[in-house]
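Below, each chain spelled out in residue letters.
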Amino acid sequence: MARSLTEAGVGTGAVAVGHGRDAPSRAAADAFVTAWQACGGDVLTRTDWPEGAASWLRSASRLTAQSPDAWVLAGAPLGVAQLVRRLAHSTVWDPARTFGFASLDPPRLLELAGADAVDGLRGVHGDGTAWGVRHDGVMCLPGTPGTAVRRQADCR
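Predicted model, so just to flag it, every value in this text is computed and none were measured. (Residues numbered from 1 in each chain as written. Predicted model: local features only at pLDDT ≥ 70, side-chain atom pairs only at ≥ 80, totals over all residues. Heavy atoms only, no water.)

As a rule of thumb, nonpolar side chains are buried together in soluble globular proteins. Ranked by internal contacts, the top residues of the largest apolar core, which has 24 residues, are Leu-73, Val-80, Leu-83, Val-84, Leu-109, Ala-113 and Val-118. The set of elements that each furnish at least two residues to this core consists of helix 3 (57-64), strand 3 (70-74), helix 4 (77-90), helix 5 (106-113), helix 6 (115-118) and strand 6 (130-134). When residues in this core are grouped by element, the largest group, five residues, is from helix 4. If we skip the residues at most four places from it in the chain, Val-118 touches Val-84, Pro-95, Leu-109, Leu-110, Ala-113 and Val-133. Val-17, Ala-28, Ala-29 and Phe-101 belong to the second-largest nonpolar core, a separate cluster that totals 15 residues. (Core = buried A, V, L, I, M, F, W, Y, C linked by side-chain atoms within 4.5 Å. Buried < 20%, exposed > 50% of the residue type's maximum accessible area, 1.4 Å probe, protein only. Helix = DSSP H or I, 4+ residues; strand = E, 2+ residues; numbered from the N terminus. Contact = heavy atoms within 4.5 Å.)

Below you can see the structure in the form of structure tokens.
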């Protein structure tokens, strides 16, 4: 994940990290924070959320309060979808500056959140294949183990 941010031009800039409260999401966020800081990156904030939050505004506000260079998200698709919808409606968040872990399940996230809320969001599958969400689906990004750019059905 840290390499994906560096390749996207974030360098070792300042990031905000958000994650669900489940153990795998916490572990992914912990590993990212450790790696990012070891590379000299700055973590401005780290926030978590319950999957059944009554309001997503508090988490969204915390993630955007310090104007990070990028956002990193780990969590189940339903919780992240609700969060990014709130981010899109209520903050200066930019999905094109957002990176997610495989747990986001990009095809499911696109379905749940809607194309406008996640257009441009990028991430990495567990096998190292990079993905990007576009209005017309989820694409495998060039330069990763599956080097051809493929449609949603092929990039899982």
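That shown, we press on.
On to the side chain of His-19, then. Considering the arrangement of structural elements, one finds His-19 in strand 1 (residues 14-20). One polar contact links His-19 to Arg-46, side chain to side chain, over a distance of 3.1 Å. (Polar contact = N/O pair within 3.5 Å; in protein donor to acceptor, adjacent residues only side chain to side chain.)

The next subject is the packing of helix 3 against helix 4. In a pair of packed helices, the angle between the axes and the distance between the axes together describe the arrangement. Two elements in contact, helix 3 and helix 4, have axes separated by 9 Å at closest approach and are oriented at 65 degrees. Here helix 3 runs over helix 4; the crossing is right-handed. Facing helix 3, whose interface residues are Leu-57, Ser-59, Ala-60, Leu-63 and Thr-64, helix 4 presents Leu-83, Arg-86, Leu-87 and Ser-90. (Axes fitted to C-alpha atoms, helices over the stretch in contact; angles between N-to-C directions. Left-handed = near helix turned anticlockwise from the far one by under 90°.)

In this section: the confidence of the model for the protein. The predicted model of the protein has a mean per-residue pLDDT of 85, with 85% of residues at 70 or higher. In the model, residues 144-156 has pLDDT below 50 throughout and makes 33 contacts with residues more than four positions away in sequence or in other chains. (pLDDT = per-residue confidence, 0-100.)

Two elements in contact, helix 4 and helix 5, have axes separated by 9 Å at closest approach and are oriented at 45 degrees. Taken together, the axis directions place helix 4 and helix 5 in an arrangement best described as oblique. Like other packed secondary-structure pairs, helix 4 and helix 5 cross with a definite hand, here right-handed. From helix 4, Pro-77, Leu-78, Val-80, Ala-81, Val-84 and Arg-85 reach across to helix 5, where they touch Arg-108, Leu-109, Leu-112 and Ala-113. Taken together, the residues of the contact of helix 4 with helix 5 sort by class into eight nonpolar, no polar and two charged. (Parallel < 35°, antiparallel > 145°, perpendicular 65-115°, else oblique. Nonpolar A, V, L, I, M, F, W, Y, C, P; charged D, E, K, R; others polar.)

Below, the discussion takes up unusual backbone geometry. Even without a glycine there, the phi angle at Ser-67 is positive, about 50 degrees. Along the chain, Ser-67 turns up in the loop between helix 3 and strand 3. Given the relative accessible area of 56%, Ser-67 is considered exposed. With a phi close to 50 degrees, Asp-105 is a non-glycine residue in the positive phi region.

Across the five residues of strand 6, four count as buried, placing the element largely inside the fold. Note: strand 5 (residues 122-124) against strand 6, three bridges, orientation antiparallel. Its bridge partner lying in strand 6, Arg-122 is registered against Gly-132. Count of turn residues in the strand 5/strand 6 antiparallel hairpin: five residues, of which Gly-128 carries a positive phi of about 90 degrees. (Pairing = 2+ DSSP bridges.)

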